[in-house]
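# A look at the structure
Listed here are the chains, written in short residue letters.
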Amino acid sequence: MGYGLIAVNGNDISLLEMNVLKLSSKQDAYERLQLIHKKVQQLIEKFSPNDFAIEAPFFGKNVQSMLKLGRAQGVAIATAMHAGIPVTEYSPRKIKQSITGNGNAGKEQVWKMLQRLLQLQNEIVYYDASDALAVAMCHHFQFNTFKSEEKKLNGWGDFISKNPGRIKFKR
């Protein structure tokens, strides 16, 4: 299970933590669910987040995998809700679209864009962690990017022309 937390201060976004909770397939399924609960609870206690965003389940061909994923997500969601944190779900396509502009982007493309957005130098170890970070960034973009806009924007070119101070280049 990947997780990623960001801090937002005005227009500055920084990475707080990004990692994975490694769960052994040799462990009992309920033990794994308990570990997910404990990890989410620890992250909530450590960072006191305002929001909890999660990737919505994607529909695969393996029903057993879907059931296991749904249970794991349910535990994480319930832990956040118990702490009074609002929960939002995003589809994988919406997350990729939000980060890269392409709903069909690959994991590598998403990671490269996250590196640019957050000015990260390190290379990715676990794509589950970068996927979780992408969910956090997607959530931020959905609720904060266009709040100050009175008119609807016509694409990235329009956004750039109306928000020159928000563009950061790294050389």
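Residues numbered from 1 in each chain as written. Predicted model: local features only at pLDDT ≥ 70, side-chain atom pairs only at ≥ 80, totals over all residues. Heavy atoms only, no water.

## Some points on the packing of helix α4 (residues 107-118) against helix α5 (residues 127-144)
Two quantities define a packed helix pair, namely the angle between the axes and the distance from one axis to the other. What counts here: Axes here refer to lines fitted to C-alpha atoms; in helices the fit is confined to the stretch in contact. Angles between the N-to-C directions go from 0 to 180 degrees. Runs of H or I in DSSP of at least four residues are treated as helices and runs of E of at least two as strands, each being numbered from the N terminus. The cut-offs work like this: below 35 degrees is roughly parallel, past 145 is roughly antiparallel, 65 to 115 is roughly perpendicular, and the gaps in between are oblique. If you view the pair so one helix is near and one far, a crossing is left-handed when the near helix is turned anticlockwise from the far one by less than a right angle, and right-handed when it is turned clockwise. Two residues form a contact once any of their heavy atoms are found within 4.5 Å.
Between α4 and α5, the least distance of the axes is 10 Å, while the angle of their chain directions is 60°. Comparing their axes, α5 and α4 come out oblique. The handedness of the crossing between α4 and α5 is left-handed. On α5, the residues touching Lys107, Glu108, Val110, Trp111, Leu114, Leu117 and Leu118 of α4 are Tyr127, Ser130, Asp131, Leu133, Ala134, Met137 and Phe141.

## Observations concerning the pattern of salt bridges
Stated formally: Any carboxyl oxygen of Asp or Glu that lies within 4 Å of a side-chain nitrogen of Lys or Arg is treated as forming a salt bridge with it. The buried label applies to any residue whose accessible area, calculated with a 1.4 Å probe on protein chains only, is under 20% of its type's maximum; exposed applies above 50%, and partly exposed to all values in between.
Counted by the stated rule, this structure contains three salt bridges. A salt bridge links aspartate 131 to lysine 107, with the shortest nitrogen-to-oxygen separation between them at 2.4 Å. Here aspartate 131, found in helix α5, pairs with lysine 107, found in helix α4; they are 24 residues apart in sequence, far enough to count as distant. For glutamate 123, the salt bridge identified is with lysine 112, shortest N-O distance 3.8 Å. Residue glutamate 123 is found in the loop between α4 and α5, and its partner lysine 112 is found in helix α4; the two are separated by 11 residues along the sequence. Judged by relative accessible area, glutamate 123 falls into the exposed class, the value being 51%.

## Details of the pairing of strand β2 (residues 12-20)
Consecutive side chains of a regular strand alternate in pointing toward one face of the sheet and then the other. Filter applied, for reference: Pairing between strands is defined by DSSP: at least two bridges between them are needed.
Both strand β1 (residues 2-9) and β2 contribute to a ladder of eight bridges, which runs antiparallel. The residue of β2 that forms the bridge with glycine 4 is methionine 18. Where β1 hands over to β2, the hairpin turn is made up of two residues, of which glycine 10 adopts a positive phi near 65°.

## A closer look at the side chain of threonine 79
Applied cut-off: Throughout this description, a polar contact denotes any pair of N or O atoms lying within 3.5 Å of each other; where both atoms belong to protein, one of them has to be capable of donating a hydrogen while the other can accept it, and for residues adjacent in sequence the pair is counted only when both atoms sit in side chains.
The residue threonine 79 is located in helix α2 (residues 63-82) in this model. Taking the relative accessible area as the measure of exposure, threonine 79 reaches 6% and is therefore buried. Engagement of the side chain of threonine 79 in a polar contact is seen with the backbone oxygen of valine 75, the distance being 2.8 Å. Threonine 79 has contacts with His37, Val40, Gln41 and Ile44, leaving out every residue within four places of it along the chain.

## Re helix α3 (residues 92-100)
Quick note on the threshold: Read the arc as the range of directions from the helix axis to the C-beta atoms.
Residues of α3 that are buried include every one of Pro92, Ile95, Ser98, Ile99 and Thr100, and no others. When α3 is viewed along its axis, its buried side chains cluster within an angular range of 165° and face the same direction. Looking at the buried side of α3, the elements it contacts are β3 (52-55), β4 (87-90), α4 and α5. Within two residues after α3, glycine 101 carries a phi angle of roughly 90°, on the positive side.

## So, the nonpolar core
Note that soluble globular proteins tend to have their nonpolar side chains buried in a common cluster. For clarity, the threshold we go by: Here, the term nonpolar core denotes a set of buried Ala, Val, Leu, Ile, Met, Phe, Trp, Tyr and Cys residues that are joined through side-chain atoms within 4.5 Å.
Ile99, Trp111, Leu114, Leu133 and Met137 are the most contacted members of the largest nonpolar core, which has 22 residues in total. Contributions of two or more residues to this core are made by β2, α3, α4 and α5. Ranked by residues supplied to this core, first place goes to α5 with eight residues. Each residue touching methionine 137, except ones within four places of it in the same chain, is listed here: Ile6, Ile13, Ile99, Leu114, Leu117 and Leu118. In terms of nonpolar packing, the next biggest core, distinct from the first, is built from 12 residues, Ile36, Val40, Phe52 and Ile54 among them.

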